[in-house]
Amino acid sequence: MSETLLLYLRLFYEFFKTGLFAVGGGMATIPFLTDMSQRTGWFTAGQLADMIAVGESTPGPIGVNMATYVGFTTAGVPGAVIATVGLVTPSVIIILIVARFLQAFRQNRYVDAVFYGLRPCSVGLIAAAGMSVVILSLLNTELFAATGNVADLFRWKCLALAAVLLVCTRWVPKVKDLHPIVMILASAVVGAVFRFAGA
C-alpha cells in the first residue's frame, strides 16, 4: 500500500473520530485538532490558530472548514475532500439512525437521559476549545519553554489588542453596534498590518 493511500486513510480515520466525538458543534473539534497536531505533526499550534481565524471568518461550519484546511495542507485537494468527508460521515450516519428510530424511542426515559447527559459534554468541549484559543492567542508556550523567561510567555501585542477590544466592545456604544462582518474585516486588517500571527 502506497504512502499516499495510507495518508488518505489516516486523514479519514482521524477526522471520522473527531466527527464522532466532537459533540456540541464546530468549536468542540478544537481539542481534537490540538491533540491531532501533537500526535501527527501535520500542523503546528500557530497553524491551528490560523485555521481557527480562517474557519471563523469564512462561511460554513468551523469544524468543516478546519477539516478542509487540514486536509488541504496535508495532502492537497484529495486530502481536503477526504478529511471533510471523514468529519461529516459520523453525523450523517447518526442522523439517519435517529431519523429512523427517534419517533419510536423519543418518549423513552433512557433516550432522554442520553440527550440530557450530552449537554455537559458539549459545554466541556466548547469550554476546552475556548481555553485552547485563549492559550494559542495570548501565550507563547514554545518560546517560554525554550528560554525559561516569564516575559517570553506572553504575546504582548495580542494582550494589548485583547484589552483594547474588551474596552471597545463593552463600553463604546458605536463599536458595540457594528455588524460582525465589519469586526471580521477590521480584525483581518489589524492582523495583517501588525503581524499578529507572529506576535
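Note that the structure is a prediction, hence the values are computed from the model and not measured.

Draft legend 1. Molecular detail of the overall build of the chain. Helices and strands together make up the secondary structure of the chain, namely nine helices and zero strands. In the chain, the succession of helices and strands from N to C terminus is α-α-α-α-α-α-α-α-α. With the principal axes as the frame, the chain shows a C-alpha extent of 55 × 50 × 35 Å. Here the chain holds 199 residues, and 24% of them are scored as buried. For the chain, the exposed area adds up to about 12700 Å²; of that, 71% sits on carbon and sulfur atoms. Of note, the chain has its 13 positive side-chain charges centred 9 Å away from the centre of its 9 negative side-chain charges.

Draft legend 2. Main features of the pattern of salt bridges. Applying the stated rule across the entire model yields four salt bridges. Taking the shortest distance from any N to any O, the salt bridge between Glu-14 and Arg-10 comes out at 3.6 Å. Of this pair, Glu-14 and Arg-10 are both found in helix α1 (residues 3–21), four residues apart, which corresponds to roughly one turn of the helix. Classification of Glu-14 as buried rests on a relative accessible area of 3%. The closest approach of N and O atoms between Glu-14 and Lys-17, which form a salt bridge, is 3.6 Å. Of this pair, Glu-14 and Lys-17 are both found in helix α1, three residues apart, which corresponds to roughly one turn of the helix.

Draft legend 3. Local environment of helix α3 (residues 45–57). Taking 1.5 Å per residue as the helical rise, α3 with its 13 residues ought to reach 18 Å, and the 19 Å between its terminal C-alpha atoms agrees with that figure. All buried positions along α3 are accounted for by Leu-48, Met-51, Ile-52 and Gly-55. All buried residues of α3 project into a common sector of 100 degrees when viewed along the axis, lining one side.

Draft legend 4. Structural view of the state of the cysteines. Under the criterion given, the structure shown has zero disulfides. Cys-168 provides the cysteine sulfur closest to Cys-158, a residue in no disulfide bond, and the two sulfurs are 16 Å apart.

Draft legend 5. Region of interest: the packing of aromatic side chains. Applying the stated criterion across every chain yields a total of two aromatic pairs. Consider the rings of Phe-154 and Trp-156, whose centres lie 5.3 Å apart with planes at 50 degrees: the pair is tilted. Relative accessible area serves as the criterion here: at 29%, Phe-154 is assigned to the partly exposed category. The cationic tip of Arg-170 hangs over the ring face of Trp-171; the distance from NZ or CZ to the ring centre is 5.9 Å.

Draft legend 6. Structural detail: a nonpolar patch on the surface. A contiguous nonpolar patch, built from Phe-12, Phe-72, Val-77, Val-81 and Val-85 and spanning about 440 Å² of accessible area, is present on the exposed surface. For the nonpolar patch, the element with the highest residue contribution is helix α4 (residues 62–105), accounting for four residues. For Phe-72, the position within the fold is in helix α4.

Cut-offs and rules
- Residues numbered from 1 in each chain as written.
- Predicted model: local features only at pLDDT ≥ 70, side-chain atom pairs only at ≥ 80, totals over all residues.
- Heavy atoms only, no water.
- Helix = DSSP H or I, 4+ residues; strand = E, 2+ residues; numbered from the N terminus.
- Buried < 20%, exposed > 50% of the residue type's maximum accessible area, 1.4 Å probe, protein only.
- Areas by Shrake-Rupley, 256 points an atom, 1.4 Å probe, with all protein chains shown as cover.
- Lys, Arg positive; Asp, Glu negative; His and termini not counted.
- Charge placed at Lys NZ, Arg CZ, Asp CG, Glu CD.
- Salt bridge = Lys/Arg side-chain N within 4 Å of Asp/Glu carboxyl O.
- Expected span 1.5 Å × (residues − 1).
- Arc of directions from axis to C-beta.
- Disulfide = S-S within 2.5 Å.
- Phe/Tyr/Trp six-rings, centres within 6.5 Å; stacked < 30°, edge-to-face > 60°.
- Lys NZ or Arg CZ within 6 Å of the ring centre and 35° of its normal.
- Patch = residues over 30% accessible without salt bridge, like charges linked within 9 Å, V, L, I, M, F, W, Y side chains within 5 Å.

All we've got here are geometric facts, nothing functional implied.
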